[in-house]
Amino acid sequence: MRAKTKKRLVVLGLAIAGVVGAGGALYGVQQHRLQARLMKFHDEGMAAYAKGDYETALKDLSGYVAKRQNDSQALLAYGVSRTNIVESDNRQIVEGIGIFRRYLDLNPNDNDARHKLLDLYTKAGYAAEAVKLSDELLTRDPKDADALLAKARALYSQRKIQEAVPVAQQFNELRPLD
């Protein structure tokens, strides 16, 4: 191989290495910007959630949880915010169910979130799911009045009156004035 050809190949190799290096640097800068933007969404969304500004929290956290689905605290804040922004088609209920299911996959022992999901099931008319979740809650606390009431209502809506009556009686023993 001639010296001139070797020189051209070295120059070509250096040019390719330079382009690859510049591309890698550009990718790194973009990743850094993306991370910074996500953290801004997180911080602003969580601050808005803490203030009870659910509309702003929903807007900011929606972009964050789309990329970071394993951040359980952000997911909970997003779920609460989503269910507090009422839509004309009640879309917040079905979307809230999905969010709280995902949250409970990450935090299966959070009974407050289970109760919120139970409330959403009841509002959506998901009777079978409400009965199942009520049974799970009642396994943990047999005197959970909210779970008893939701179960009785769900069984009644399924036309399972014979099963609903004893559950309703248990609820009435716990809360006779409700």
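Here goes a summary of the coordinates provided. (Residues numbered from 1 in each chain as written. Predicted model: local features only at pLDDT ≥ 70, side-chain atom pairs only at ≥ 80, totals over all residues. Heavy atoms only, no water.)

## Concerning the overall build of the protein
Each helix and strand in the protein was counted, giving 8 helices and 0 strands. Secondary structure elements of the protein occur, N-terminal to C-terminal, as α-α-α-α-α-α-α-α. Rg of the C-alpha trace for the protein: 27 Å, well past the compact-globule value of 16 Å for 178 residues, more than 25% over. Dimensions along the principal axes, computed over C-alpha positions, put the protein at roughly 100 × 40 × 30 Å. Among the 178 residues that make up the protein, the fraction classed as buried is 31%. A separation of at least 24 residues holds for 43% of the contacts in the protein among residues at least 6 apart in sequence. Split by element, the accessible area of the protein, about 11400 Å² in all, is 55% carbon and sulfur. If the 27 positive side-chain charges of the protein are averaged to one point and the 22 negative ones to another, these points end up 17 Å apart. (Helix = DSSP H or I, 4+ residues; strand = E, 2+ residues; numbered from the N terminus. Rg over C-alpha atoms; globule rule 2.2 N^0.38 Å. Buried < 20%, exposed > 50% of the residue type's maximum accessible area, 1.4 Å probe, protein only. Contact = heavy atoms within 4.5 Å. Areas by Shrake-Rupley, 256 points an atom, 1.4 Å probe, with all protein chains shown as cover. Lys, Arg positive; Asp, Glu negative; His and termini not counted. Charge placed at Lys NZ, Arg CZ, Asp CG, Glu CD.)

## What about the pattern of salt bridges?
Applying the stated rule across the entire model yields 10 salt bridges. One salt bridge in this structure joins Asp-135 and Lys-151, with 2.6 Å as the shortest N-O distance. Separated by 16 residues along the polypeptide, Asp-135 in helix H6 (residues 127-140) and Lys-151 in helix H7 (residues 145-157) bring together distant segments of the chain. Owing to a relative accessible area of 32%, Asp-135 belongs among the partly exposed residues under this scheme. Relative accessible area serves as the criterion here: at 16%, Lys-151 is assigned to the buried category. Between Asp-146 and Arg-175 there is a salt bridge, with the nearest N and O atoms lying 3.3 Å from each other. One end of the pair, Asp-146, is in helix H7; the other, Arg-175, is in the segment after helix H8 (161-174), and 29 residues separate them in sequence. On the accessibility criterion, Asp-146 (40% relative accessible area) is partly exposed. Take Arg-175: its relative accessible area is 31%, and that puts it in the partly exposed class. Overlapping salt bridges bring together Arg-82, Glu-87, Arg-91 and Glu-95 as one network. (Salt bridge = Lys/Arg side-chain N within 4 Å of Asp/Glu carboxyl O.)

## Some thoughts on the nonpolar core
Of all hydrophobic cores here, the largest spans 41 residues; its most connected members are Phe-100, Leu-117 and Leu-118. Within the residue set of this core, elements represented by two or more residues are helix H1 (3-51), helix H2 (54-67), helix H3 (72-84), helix H4 (91-106), helix H5 (111-124), H6, H7 and H8. (Core = buried A, V, L, I, M, F, W, Y, C linked by side-chain atoms within 4.5 Å.)

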